[in-house]
Amino acid sequence: MTKDIKLNRRFFMKGTGAAALLGGAAIGSSSSFAAGLGQSTPMSTGVNFDEGYNRVGKNSIKFDLIKMFNPGKQLDVGMGIADMDFRTMPQITAALKKRLETENWGYEIPPLDLPDNTVAWNKRRYNTDVPKGNILNSVGVLDGVLSTLMAFGKEGDKVIVQTPTYSSFFTTIHQAGMHEAENEMKLVNGRYEIDLDDFEQHVKDGARLFILCNPQNPTGNCWTADEMRSVGDICNKYGVLVLADEIHCDFIMGENKYVPYASLGEEYAQNSITYKSTSKSFNLAAHRTGYMFSDNREYIDKVLKGGHQRLLLNIMGMIASNVAYKHGDTYIDEQNAYLTKNAKFVEQYCAENIPLIKYKVHEGTYLAWLDCRELFEKLDAENKAIELTEYNKANNVTATDFFGVTSIKTYRTGDYMKEWFMDNAKIDINPGENYGKGGVGFMRMNLATNQKMLKLALDNIVKAIDTI
Ligand SMILES: Cc1ncc(COP(=O)(O)O)c(C=O)c1O
């Protein structure tokens with residue numbers, strides 16, 4: 001043990017990188033903790049997903065913040081931000097409670113088997129080899145994406161994203177002083193497909209960075225190996241770095257399959273960095289822990305040289321992540337079965353009761369991308385949004401955002417609809433425009449709640465539409 005602590009200290013002092021900070025290869029292999037690492041202990045979770053978890057009054061963004069921004073309005077179901085309304089896996093709560101018993105919060109050794117458990121989770125579930133020595137801590141997935149953009153690009157560069165895509169990619173790209181190059185996807189027979197010609201045109205126009213979202217938030221695509229190879233080949237040919245955000249990889253509906261980008265073959269693995277975390281899979285977002293890795297050591301070194309914060313993460317997050325990857329197989333399987341049931345329920349409910357909203361069970365994530373174009377049309381949402389914006393400009397009607405910035409309250413079509421759903425159906429869902437080109441007419445609904453809440457939300461929509 002003394003030897004381990006000395007090693008830790010040497011790594012901290014010399015700062016040789018992530019392995020040290022995550023308790024990586026050098027520490028793990030020299031440690032007595034290392035024996036038998038990375039083996040899963042499947043445990044019954046005992047979590048009743050149907051019971052759900054009431055998050056009102058617990059500082060949840062999904063319910064409490066939305067209520068703060070909508071004073072006087074009734075919110076029955078928050079379905080915006082991407083987290084879940086389930087009780088945490090009991091083994092995680094137990095481990096955190098145990099740590100709380102130690103009434104000291106000085107610098108401490110992280111769980112030494114976390115790197116092994118991270119590697120083992122990915123191997124066990126996806127038969128993919130995460131290079132243990134090349135894992136970097138990251139406070140969140142977006143923090144890793146940001147430091148990569150800054151290490152590999154410069155201000156003014158273009159970053160390709162495939163829209164509709166995760167809204168905060170835009171914020172992160174702007175934070176890096178860069179611009180998004182939107183490779184708008186094509187909706188073919190209800191499934192989004194990549195527009196390869198347009199993708200290649202962006203590359204020919206100079207883009208050298210590409211954020212892949214696999215599975216895709218918000219459209220729910222689990223990209224196939226062939227689909228990813230087709231863009232990957234263009235990236236390899238022109239020297240475009242692939243940032244593979246695979247944070248949603250553990251949410252797979254039914255028989256669909258998640259294919260890790262780095263598993264496509266050596267040349268794809270060598271030209272990519274992958275970002276993951278336990279934060280979505282086990283609903284640990286408040287703990288702020290994530291990780292990134294690449295088979296290409298030079299890429300990892302470049303990210304580090306670029307100033308990536310490779311500090312220890314929050315100890316509670318590391319403990320929680322470790323337990324999750326060690327014991328979480330059953331939990332994830334049960335959760336996926338429940339979420340798949342939810343998705344099927346919404347599909348059937350919409351088909352039978354809400355003909356103005358179209359939805360087919362998606363492949364991955366727990367997000368439903370609702371096609372509300374007919375409803376928008378019926379409500380004349382586009383014109384209503386224009387009228388409201390003009391009125392607000394003429395009458396100096398303002399709104400203050402989360403960061404305290406006040407400005408004239410303007411409306412995109414989807415903003416008008418978000419308000420319509422809140423006022424009439426008492427639910428909070430996100431406008432498609434948040435996700436870039438191709439988003440108008442769609443709304444993103446988070447299905448990670450219990451079926452009672454889901455039914456309440458859908459019943460509310462039916463009642464709201466009845467009043468039109
Ligand atoms: C695709 C995707 N990437 C990243 C994030 C954010 O991850 P983090 O909170 O770890 O930065 C989200 C959250 O919704 C997401 O959907």
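About the criteria used
- Residues numbered from 1 in each chain as written.
- Predicted model: local features only at pLDDT ≥ 70, side-chain atom pairs only at ≥ 80, totals over all residues.
- Helix = DSSP H or I, 4+ residues; strand = E, 2+ residues; numbered from the N terminus.
- Rg over C-alpha atoms; globule rule 2.2 N^0.38 Å.
- Buried ≥ 20, exposed ≤ 12 C-beta atoms within 10 Å, placed from the backbone.
- Contact = placed C-beta atoms within 7 Å.
- Near = placed C-beta within 6 Å.
- Nonpolar A, V, L, I, M, F, W, Y, C, P; charged D, E, K, R; others polar.
- Pairing = 2+ DSSP bridges.
- Axes fitted to C-alpha atoms, helices over the stretch in contact; angles between N-to-C directions.
- Expected span 1.5 Å × (residues − 1).
- Right-handed = clockwise from strand over helix to strand, strands pointing away.
- Domains from an automatic or database assignment.
- Core = buried A, V, L, I, M, F, W, Y, C linked by C-beta atoms within 7 Å.
- pLDDT = per-residue confidence, 0-100.
- Arc of directions from axis to C-beta.
- Parallel < 35°, antiparallel > 145°, perpendicular 65-115°, else oblique.
- Left-handed = near helix turned anticlockwise from the far one by under 90°.

Caption draft 1: Expanded view of the overall build of the chain. What the chain contains, in helices and strands, is 18 helices and 16 strands. Rg of the C-alpha trace for the chain: 23 Å, near the compact-globule value of 23 Å for 468 residues, within the 12% margin. Counting only C-alpha atoms, the chain reaches 70 × 55 × 45 Å along its principal axes. Scored against the burial criterion, the 468 residues of the chain give a buried share of 46%. Counting only contacts in the chain whose residues sit at least 6 apart along the sequence, the fraction spanning at least 24 positions is 72%.

Caption draft 2: Representation of the site of the ligand in the model. Residues in contact with the ligand amount to 14 residues; listed here are only the nearest, Ala82, Gly140, Val141, Leu142 and Tyr166. Partitioned by chemical class, the residues of the shell around the ligand number 7 nonpolar, 6 polar and 1 charged.

Caption draft 3: Main features of the sheet that holds strand E10 (residues 290-293). Taken together, the 7 strands give an open sheet; going across it, the order is E2-E10-E9-E8-E7-E3-E4, and neighbouring strands pair in mixed fashion. Each edge of the open sheet carries a strand with a single partner, namely strand E2 (135-138) and strand E4 (179-182). Going across the sheet, the axis of each strand differs from the next one's by a mean of 25 degrees, ignoring polarity. Alignment of strand E3 (residues 158-161) against strand E7 (residues 209-213), held across 3 bridges, turns out to be parallel. Looking across to E7, one finds that isoleucine 160 is bridged to phenylalanine 210.

Caption draft 4: Structural view of helix H14 (residues 329-353). Compared with the 36 Å implied by 1.5 Å per residue over 25 residues, the 36 Å span of H14 between its first and last C-alpha is a close match. For H14, the full list of buried residues reads Tyr331, Gln335, Tyr338, Leu339, Thr340, Asn342, Ala343, Val346 and Cys350. Turning to H14, the residues buried within the fold contact strand E11 (367-371) and helix H18 (451-466).

Caption draft 5: Representation of the pairing of E3 within the structure. Where E3 lies against E4, 4 bridges are found, and the strand directions are parallel. Counted as the bridge partner of lysine 158 is histidine 179 from E4. What joins E3 to E4 is helix H8 (residues 168-175), and the crossover it makes is right-handed.

Caption draft 6: How the structure looks around the sheet that holds E11. As summarised here, the arrangement of the 3 strands in space is E11-E16-E15, forming an open sheet in which the pairing is antiparallel. Of all the strands in the sheet, the pair left with one neighbour each is E11 and strand E15 (430-431). Pairing between E11 and strand E16 (residues 442-446): 5 bridges, direction antiparallel. By the bridge assignment for E16, tryptophan 369 is matched with arginine 444.

Caption draft 7: Examining the domain arrangement of the chain more closely. Under the domain assignment used here, the chain contains domain 1 (61-88 + 330-466) and domain 2 (114-325). Here the C-alpha centroids of domain 1 and domain 2 sit 26 Å apart. Contact with domain 1, which involves 27 residues of that partner, is made by 29 residues of domain 2. Within the residue set of the side of domain 1 that touches domain 2, elements represented by two or more residues are H14 and E11. Across the side of domain 1 that touches domain 2, the residue classes break down as 11 nonpolar, 11 polar and 5 charged.

Caption draft 8: Broad picture of the nonpolar core. Counting residues in hydrophobic clusters, the biggest one holds 94 residues, and the most contacted among them are Val159, Phe210, Leu243 and Leu447. Two domains each donate at least three residues to this core, and these are domain 1 (61-88 + 330-466) and domain 2 (114-325). Ignoring sequence-local partners within four residues, the contact set of phenylalanine 210 consists of Ile160, Cys235, Val240, Leu241, Val242 and Leu243. Counting 15 residues, the second largest nonpolar core, distinct from the first, contains Leu114, Ile319, Val323 and Tyr325.

Caption draft 9: Seen up close, the confidence of the model for the chain. Model confidence for the chain is summarised by a mean pLDDT of 91, while 91% of its residues fall at 70 or above. Between residues 1-38, whose pLDDT stays under 50, and residues either more than four places distant or in other chains, the model counts 65 contacts.

Caption draft 10: Structural view of helix H12 (residues 297-305). Buried within H12 are the following residues: Tyr299, Ile300 and Val303. Viewed along the axis of H12, the buried residues span an arc of 100 degrees, placing them on a single side of the element. The exposed set on the far side of H12, more than 90 degrees from its buried face, consists of Glu298 and Lys305. Looking at the buried residues of H12, the elements they touch are E2, helix H7 (141-152) and strand E9 (272-276). At the C-terminal side of H12, glycine 307 shows a positive phi close to 105 degrees.

Caption draft 11: Focus on the packing of helix H9 (residues 196-204) against helix H10 (residues 225-238). Their axes nearest at 10 Å, the elements H9 and H10 cross at an angle of 20 degrees. As judged from the angle between their axes, H9 and H10 are roughly parallel. When you trace H9 past H10, the crossing you get is right-handed. For the pair H9 and H10, contact is made by Leu196, Phe199, Glu200 and Val203 and by Ser230, Val231, Ile234 and Tyr238, respectively. Looking at the contact of H9 with H10, its residues break down into 6 nonpolar, 1 polar and 1 charged.

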